[in-house]
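Survey of secondary and tertiary structure
Here is what each chain is made of, one letter per residue.
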Amino acid sequence: MAELGVNIDHVATVRQARRTDEPDPVWAAALAELGGADGITVHLREDRRHIQDRDLAVLRETVGVKLNLEMACDDEIVDIACRVKPRQATLVPERREEVTTEGGLDVVGQKERVGRVIGRLQKAGIVVSLFLDPCPEQIAAAAELGANAVELHTGQYALAAPGNAQERELKTLQKAAAAVLKQGMVLHAGHGLTYRNVRSVATIDGMGELNIGHSIIARAVMVGLVEAVREMKRLIS
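A short tour of the structure in this document, coming up. (Residues numbered from 1 in each chain as written. Predicted model: local features only at pLDDT ≥ 70, side-chain atom pairs only at ≥ 80, totals over all residues. Heavy atoms only, no water.)

This paragraph deals with the side chain of Q88. Mapped onto the elements of the fold, Q88 is located in strand β4 (residues 88-91). The exposure class assigned to Q88 is buried, which follows from its relative accessible area of 2%. A polar atom in the side chain of Q88 sits 3.2 Å from the side chain of K66. A distance of 3.4 Å separates a polar atom in the side chain of Q88 from a polar atom in the side chain of E209. (Helix = DSSP H or I, 4+ residues; strand = E, 2+ residues; numbered from the N terminus. Buried < 20%, exposed > 50% of the residue type's maximum accessible area, 1.4 Å probe, protein only. Polar contact = N/O pair within 3.5 Å; in protein donor to acceptor, adjacent residues only side chain to side chain.)

Here is the structure:
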């Protein structure tokens, strides 16, 4: 069964809208664990639009499950990661004008930089995952650089209309998943997954981890975070 990583960035987004102290993403992490989350994911962006340095530090001390830090290949953020030492770091592309991460990391086009960051993180004892489009060339480059895992970007699958279009995107993900496993890396997936579309991705052979944020936090507004996480866990299992 795939594990569930719950991304709590949007809890911090609500807090930062008023620059106050609530809702606290640290509380959200504890509730997500009570609901059955196998991991907590946060993205410490360069512009600090949601998660703050304080959040990461406190989460590192309080989260009982895997703490996964999404991060750009930025020297300042790499320094923070090596100091805080989350269990896992997921390298993602980052643009300040984007609302959320819009695509996979271009490993092929920046091998030297990505390879240097992977080396620093792994030397600090951190497992490294790369957030990639389901592209054979990018997956091969990730393996060449020694990444521990690949998180397949499921955005195109999530955006596709149900039916033939979504089935085509699912087949692309399945093919990419097989390539990740063949290269000896752990298989993750995420982006745009919801209560309506998650099952097909969860059942891809070898799927080890799904990282889901917006859909769970949106459901939590209505039913509470513990129940929202429990519902997602039931779907992927």
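The rest of the description comes next.
Applying the stated rule across the entire model yields twelve salt bridges. Measuring nitrogen to oxygen at the nearest pair gives 2.9 Å for the salt bridge that ties D38 to K233. Of this pair, D38 sits in the loop between α2 (25-34) and β2 (39-43) while K233 sits in helix α11 (residues 225-236), and the two are 195 residues apart along the sequence. Ionic pairing is found between K111 and E144, a salt bridge with its closest N-O pair at 2.8 Å. Here K111 is found in helix α5 (residues 111-123), whereas its partner E144 is found in helix α6 (residues 136-144), with 33 residues between them in sequence. (Salt bridge = Lys/Arg side-chain N within 4 Å of Asp/Glu carboxyl O.)

Strands sit in the order β1-β2-β3-β4-β5-β6-β7-β8 around a closed barrel of eight strands; the barrel is parallel. Between one strand axis and the next, the sheet turns by 25° as a mean value, whatever way the strands run. Sheet topology places strand β1 (residues 3-7) next to strand β8 (residues 207-212); four bridges connect them, and they run parallel. Its bridge partner being in β8, V6 is matched across the sheet by I212. (Pairing = 2+ DSSP bridges. Axes fitted to C-alpha atoms, helices over the stretch in contact; angles between N-to-C directions.)

Let us look at the packing of α2 against α11. One way to put it is that α2 packs onto α11 with a least axis distance of 8 Å and a crossing angle of 45°. With respect to their mutual orientation, α2 and α11 come out oblique. Considering how the two elements wind past one another, α2 and α11 form a crossing that is right-handed. Contact with α2, carried on its side by A28, L31, A32 and L34, involves L225, V226, V229 and R230 of α11 and no other residues of that element. Here the residues of the contact of α2 with α11 are counted per class, giving seven nonpolar, no polar and one charged. (Parallel < 35°, antiparallel > 145°, perpendicular 65-115°, else oblique. Left-handed = near helix turned anticlockwise from the far one by under 90°. Contact = heavy atoms within 4.5 Å. Nonpolar A, V, L, I, M, F, W, Y, C, P; charged D, E, K, R; others polar.)

The values are spatial; any link to function lies outside them.
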